[in-house]
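Summary of structural features
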Amino acid sequence: MNQHDSHPSGFLLTENLVKRFDDVVAVDDVSISIQKGEIFALLGSSGCGKSTLLRILAGFEKPTAGRVLLNGLDIASFPPYERPINMMFQSYALFPHLNIWDNVAFGLKREGMPPAQIKTRVEEMLELVQLTAYAKRKPHQLSGGQQQRVALARSLAKKPQLLLLDEPLGALDKKLRQRTQFELVHIIESVGVTVVMVTHDQEEAMTMASRIAVMSHGRVLQVGTPQEIYECPTNRFVADFIGNINLFDGQLSVDEHDRSEITIDQGVVHIDHGIGGSIGMPLTIAVRPEKIYISKTRPNVNVNLFSGKVREIGYFGSYSSFIVEMQDGRTVVVTEPNGSRLENIDITWDDRVFFWWDEADPVVLTH
Amino acid sequence: MNIQRWLHVHPGRRFVIGVPFVWLLIFFVVPFLILLRISVTDMGNGVNPFAPLMQAVDGSLHIMLKYQNYLSIFEEVDKGSGAKAWGQTIYLEAYLTSLKYACLTTILCLVIGYPFAYFIARAKKSVQPALLMLVMLPFWTSFLLRVYAWKGILADQGVVNNVLVWAGFIQEPLQLLYSDVSMLVGMTYVYCPFMILPLYATLVKLDFRLLEAAYDLGASPWKAFWLITVPLSKAGIIAGSMLVFIPCVGEFVIPSLLGGAENIMIGRVVWDEMFSSNNWPRASALAVVMILFILVPMAVYNHYGAEREAAGKE
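Note that this is a predicted model, so its numbers are computed, not measured.

Across the boundary between the two partners, chain B contributes 15 residues, which contact 16 residues of chain A. Contributing elements (two or more residues each) for the side of chain B that touches chain A: α9 (209–216) and α10 (221–232) of chain B. The biggest single contributor to the side of chain B that touches chain A is α9(B), with six residues. A per-class count over the side of chain B that touches chain A returns eight nonpolar, three polar and four charged.

Here you go:
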């Protein structure tokens, strides 16, 4: 599942795609399948190969090996100006010497579309991004958010079969980003175009994409819906990369078909399902901070219960984060929602606290 | 409004702007005024090369302004009847020759310099200084020596002819030296760096992602070049063309050393009027008209260019 996508066929397919720059492998044997109408995100930190993969799709880079199939047609050798694919650049790359109208019309004019149709189409696009009043302005006269919408209108004007978004919200400030990401999804869905987006921002990927491919060192580590990626990471990198997580290394000590136990340095972790491995095999337990309960008084549970001293408290408004140090010095991050106004106020620095989690909540990662 | 703004600027800034301004005033405007003053007087009486502007006659001050020098540029005197008519004087011909060769040189410099500047701007950052150094390297040798070197290359028994004869392309050496060819080669060679440097300066700032955006939207590389690269390097094209065109119009040394007898350029005519005919007023008038030829189109361009720019920024 992890390296190769479960979908056997798709609208856009990459088959064993490899891109080498001299001796650096930027994209390493990537095979993904994207369905028509999907918003697919390539997520990873900088240098993970996601941008190179996007540039291969756009036609700016030629793959060293492998195929790119769009609707069954191998487009890997097509130059960018002959692909039914348009891209919204991270920097927007609006033409500074042309006004907004001409920027949007640029691609249509290259197609040789009759002027009357160009006019209709450009007006339709400007209407879509609500910039009709700005048609005669130059790009530098617009705000960042407006420029982004022009870039979107320009990349949608030719009705591409595939739309590529390179860090679509990367150049906007945080407040504007949150507002824009829903607006962007709304526009994309109203047009019904298939989208591949690249981002290093997991929040952006989670809110916008229907499926996410997590990349590292040129490889795709896991493909899945945002929920699958978050709740069921299949390897340590994905678990650690997406959100906050507590990882414990241990060995499998009990393995039955409906329960298992894993011995970690601080005790034994009970899991409500079997692993199907061999006793003594090394495993990693991953527990999300929000899945852990915390209390000053001893709770009425006796499995997956640990204790420690509160070292740090972070107040984030909607939730608080506690860093608890266990006896052997190991720290665990626990978050608690601040549901009612005065909750958690009794836990303070250096308090001795108990924390525990349900048997269903940890994710077991094999090495 | 401009004066108001000028008064409000910081004293330090005023100094920085003021010093070059005063420098230009002294070494451009003052000589120009002297030139203008000489151009409206008569030839002198032998001791002075030109007549005084003001004379006290019978206790009153007379200022004599003669426009005859200007008229003679455009008026032809029929040798038989002495009648005057507008016509093709040698001066007008010299102006047209100068403008023609300045235009040709500018076009040649642009055609040669643009790909060159583009290549440097797109080269690796680490090799760009070395490539720019190569452009400027010729300036380390005397200008005259470099022009003389072309004599050796283009002469009847020069490098080019010898190679062509040896290779069997021609039987007799071509007349390259003292012709249009040698003059254009020399001027293009000397002025090309003045075209390349401003072009490089604008092209290096060009965001090459804009070209990718153009390809992405369906423009072929050639189309993208014309629709994106050329318009965005317009400032460099104009600056480079002016830097080549303006000195080329008045160029004197290269045409004298490499040019033929039939292509008399205005620089040569001014020289002859000044030092052979000793007619300082006419030489001055010729120089003033030459400056007008250059300044008027420049001023018109600047005016409309600035207006367009302002309109775009609103």
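Residues and elements named next belong to chain A. Overall, antiparallel pairing links the five strands, which are arranged β15-β19-β16-β17-β18 in an open sheet. Lying at the two open borders of the sheet, with one neighbouring strand each, are β15 (293–295) and β18 (331–337). Here the average twist between neighbouring strands, direction ignored, is 45°. Note that strand β17 (residues 319–325) and β18 share seven bridges and pair antiparallel. Paired with valine 324 across the two strands is valine 332, which belongs to β18.

Unlike most non-glycine residues, Gln130(A) shows phi in positive territory, near 60°. Inspection of the secondary structure puts Gln130(A) in the loop between α3 (115–128) and α4 (144–156). At Asn278(B), a residue that is not glycine, the phi angle is positive and equals roughly 55°. Among the structural elements, Asn278(B) can be located in the loop between α13 (266–276) and α14 (280–313). Residue classification places Asn278(B) among the partly exposed positions, given that 14 C-beta atoms sit within 10 Å.

This next bit is on the sheet that holds strand β14 (residues 282–287) of chain A. Residue and element names in this part refer to chain A. Read across the sheet, five strands follow the order β13-β12-β11-β14-β20 without closing on themselves; strand pairing throughout is antiparallel. Each edge of the open sheet is held by one strand with a lone partner, namely β13 (267–271) and β20 (363–366). For this sheet, the mean angle separating the axes of adjacent strands, direction not counted, is 40°. Sheet analysis places strand β11 (residues 246–255) next to strand β12 (residues 260–264), joined by five bridges and oriented antiparallel.

Criteria and thresholds
- Every chain is numbered on its own, with residues counted from 1 as its sequence reads.
- Written order determines the labels here, with chains lettered from A and ligands numbered from 1.
- For a predicted model such as this one, the threshold for reporting local features is a pLDDT of at least 70, and the threshold for listing and counting side-chain atom pairs is 80 or more; totals across whole chains, interfaces and linings nevertheless cover every residue.
- It is the C-beta atoms, placed from the backbone, that decide contacts: two residues are in contact if theirs lie within 7 Å.
- Think of it this way: any DSSP run of H or I at least four residues long counts as a helix, any run of E at least two long counts as a strand, and we number them from the N terminus.
- Only Asp, Glu, Lys and Arg are considered charged, only Ala, Val, Leu, Ile, Met, Phe, Trp, Tyr, Cys and Pro nonpolar, and every remaining residue, Gly among them, polar.
- Strand pairing is defined by DSSP finding a minimum of two bridges between the two strands.
- A fitted line through C-alpha atoms serves as each axis, taken over the contacting stretch for helices, and the angle formed by two N-to-C directions is quoted from 0 to 180°.
- Residue burial is a threshold on neighbouring C-beta atoms within 10 Å of the residue's own C-beta, all placed from the backbone, with 20 or more meaning buried, 12 or fewer meaning exposed, and counts in between meaning partly exposed.

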